[in-house]
Amino acid sequence: MRIEANQTIEPDERPVPARSPKSLAFQKAWEAIPKEGLIPDKSSFRPERFAQFLNSIFLVELSSDPARRIVFRIVGQTIRDALGRELRGMSYSDFVPEEHRSQAGSSMQLMFGPRPCGRWVGKEVVHLDGYREPVEMTQLPMTDNATGARLVIGIVEGFGTPEPHSADGKFRFESRNGEYFFDIGAGVPD
């Protein structure tokens, strides 16, 4: 599988990063969810099929409300431990620099466009004590046909267990290598 670069948050000339074996395995598990069309419905999701990913998995709901554009619905234990807090019910935009909040996560809507696609994102988690952790997120679209909600299911890779750092729940997400869309059967957005 090849990642096709479509859009980067901060343009640069670096090559598109290679996705990890775990990222590719997560996509394969997602592809096995029964679906009509290209995007599965939440009712077909079975956690037991994602057992190897559950500690690093997240599920967010996309909303048109600017203050709650991306709301965490499920957050795995590894993520909670690394960040030092429960994110469920909170908005992703609360954890990005102020100057980026109005646009935080807006490109996630492209995953549901005329060319549904997956998304790989490189971020850096910056903790209040200055500790910086590079992470990678693999994200795939899902719907909730019962409510009409657009959901994004994903995994985070890269959290370590650093000795000198203690997660205290005070952090922000910063862009690192931008974002890249990948094909799930319809190409990538133009």
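Refer to the structure above for everything that follows.
Residues numbered from 1 in each chain as written. Predicted model: local features only at pLDDT ≥ 70, side-chain atom pairs only at ≥ 80, totals over all residues. Heavy atoms only, no water.

Student: What's the story with the sheet that holds strand 3 (residues 117-127) in this structure? I'm lost.
Tutor: Strand pairing in a sheet relies on backbone hydrogen bonds, with the paired strands running either antiparallel or parallel. What the six strands build is an open sheet, ordered 2-1-5-4-3-6; its pairing is antiparallel. In this open sheet, the two edge strands, each paired with only one partner strand, are strand 2 (70-75) and strand 6 (171-183). Neighbouring strand axes in the sheet, compared pairwise and without regard to direction, differ in orientation by 30° on average. Note: strand 1 (residues 57-62) against strand 5 (residues 149-157), six bridges, orientation antiparallel. Residue pairing in the sheet places Leu59 in a bridge with Ile153 of strand 5. Helix 1 (residues 21-31) rests against strand 1, strand 3, strand 4 (132-144), strand 5 and strand 6 of the sheet, and its axis sits at about 150° to strand 5. (Pairing = 2+ DSSP bridges. Helix = DSSP H or I, 4+ residues; strand = E, 2+ residues; numbered from the N terminus. Axes fitted to C-alpha atoms, helices over the stretch in contact; angles between N-to-C directions. Contact = heavy atoms within 4.5 Å.)

Student: Would you mind going over the side chain of Glu133 with me for this structure?
Tutor: Within the secondary structure layout, Glu133 lies in strand 4. Buried charged residue Glu133 carries no salt bridge. Nearest counter-charge: Arg132, at 11 Å. A polar contact is formed between the side chain of Glu133 and the side chain of His127, at a distance of 3.2 Å. If sequence neighbours within four positions are ignored, Glu133 has contacts with Lys123, Glu124, Val125, His127, Gly158, Phe159 and Gly160. (Buried < 20%, exposed > 50% of the residue type's maximum accessible area, 1.4 Å probe, protein only. Lys, Arg positive; Asp, Glu negative; His and termini not counted. Salt bridge = Lys/Arg side-chain N within 4 Å of Asp/Glu carboxyl O. Polar contact = N/O pair within 3.5 Å; in protein donor to acceptor, adjacent residues only side chain to side chain.)

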